Each structure stands twice: as C-alpha cells, then as structure tokens.
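Architecture at a glance
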Amino acid sequence: MAVVKTVGVDQLADEIANAIRTYTEDVTKGIEKELNSTSRRVLNEIKAKSPRNTGEYASGWTRRKISSGGEINYIIYNRKKGSIAHLLEFGHAKRGGRRVAAIPHMRPAYDKEVPGMERRIKTIIGKGG
C-alpha cells in the first residue's frame, strides 16, 4: 500500500525535487550494479576463450573501473601480455607472406553480453532502480 503524503503548495517543488533525486540515485545505483556484473561476465568469458599456450596470456585479463563526470566505464585489458592481444584477436602476417590465423576471443564475449546489458538497463530505468 502506497503512503500518501499531503503537502502544501509551498512545499510541492521541494517534494518533487526530492522524488526526482531519489529516482536518479536509485537508477544510478542499479546501472552501476549492472555495469559491474556485465563487465565481470565479459572478463570471465574472455579468460575462458583466450588461447592457452603457457596460460600466462589467459590469466592476465583484468578490469578497471573509471568514473568521471557522472560517467562510469569498465576497461578490460591484459596486464601481462597486452601487446599481443590484437595479434591473437585478428591474426597477423608472418615473414615469408604466410598468416597466423585469428583466434577471436574478445569481441565475441562483448557481443554475447552487451545486448542483454542494454535491455536490463532499459528495465532499470523504467522501474526506477
């Protein structure tokens, strides 16, 4: 059962502002939680699908949260062997004109998780948190 609060005309603007502030905080917390869980799933998927020669490349994946100006980003990167990530993802040329085949593991993880995240964020916004 909803609580009904009676306010005077003088306090109406303050009550509307408080309701908007509460809605915004709830939605922000919900989106932050969704971004956190989605970035974890993407990270785990990348680790699982990474090529394993010695295992160092696959175990090197990590993520970092960067927030500024009300914007939140999670950066997923390889701290141990980051310099070869694009070579493995897209393949590369060898000496003599031959090529090393690509082993896509980053983009498929992103493509698998992000569409669901977008739907869940729309639901969070619609429900107010």
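It is worth spelling out the overall build of the chain at this point. Counting its secondary structure elements, the chain contains four helices and four strands. What you see for the chain is a C-alpha radius of gyration of 22 Å, clearly larger than the 14 Å of a compact globule of 129 residues, by over 25%. Summarising its shape, the C-alpha atoms of the chain cover approximately 80 × 25 × 25 Å along the three principal directions. The buried share of the chain, taken over its 129 residues, is 25%.

Strand direction decides the pairing type here: strand S1 (residues 61-68) and strand S2 (residues 71-78), joined by eight bridges, are antiparallel. In the sheet register, isoleucine 66 faces S2, and the bridge partner there is asparagine 73. Between the antiparallel neighbours S1 and S2 lie two residues, among them glycine 69 with a positive phi of about 60°.

Now for the packing of aromatic side chains. A complete count under the given rule lists one aromatic pair for this structure. Considering the side-chain rings of tyrosine 57 and tryptophan 61, the 5.6 Å spacing of their centres and the 80° angle between planes classify their relative orientation as edge-to-face. As far as the burial class goes, tyrosine 57 and tryptophan 61 line up, both buried.

Rules and cut-offs
- Residues numbered from 1 in each chain as written.
- Predicted model: local features only at pLDDT ≥ 70, side-chain atom pairs only at ≥ 80, totals over all residues.
- Heavy atoms only, no water.
- Helix = DSSP H or I, 4+ residues; strand = E, 2+ residues; numbered from the N terminus.
- Rg over C-alpha atoms; globule rule 2.2 N^0.38 Å.
- Buried < 20%, exposed > 50% of the residue type's maximum accessible area, 1.4 Å probe, protein only.
- Pairing = 2+ DSSP bridges.
- Phe/Tyr/Trp six-rings, centres within 6.5 Å; stacked < 30°, edge-to-face > 60°.

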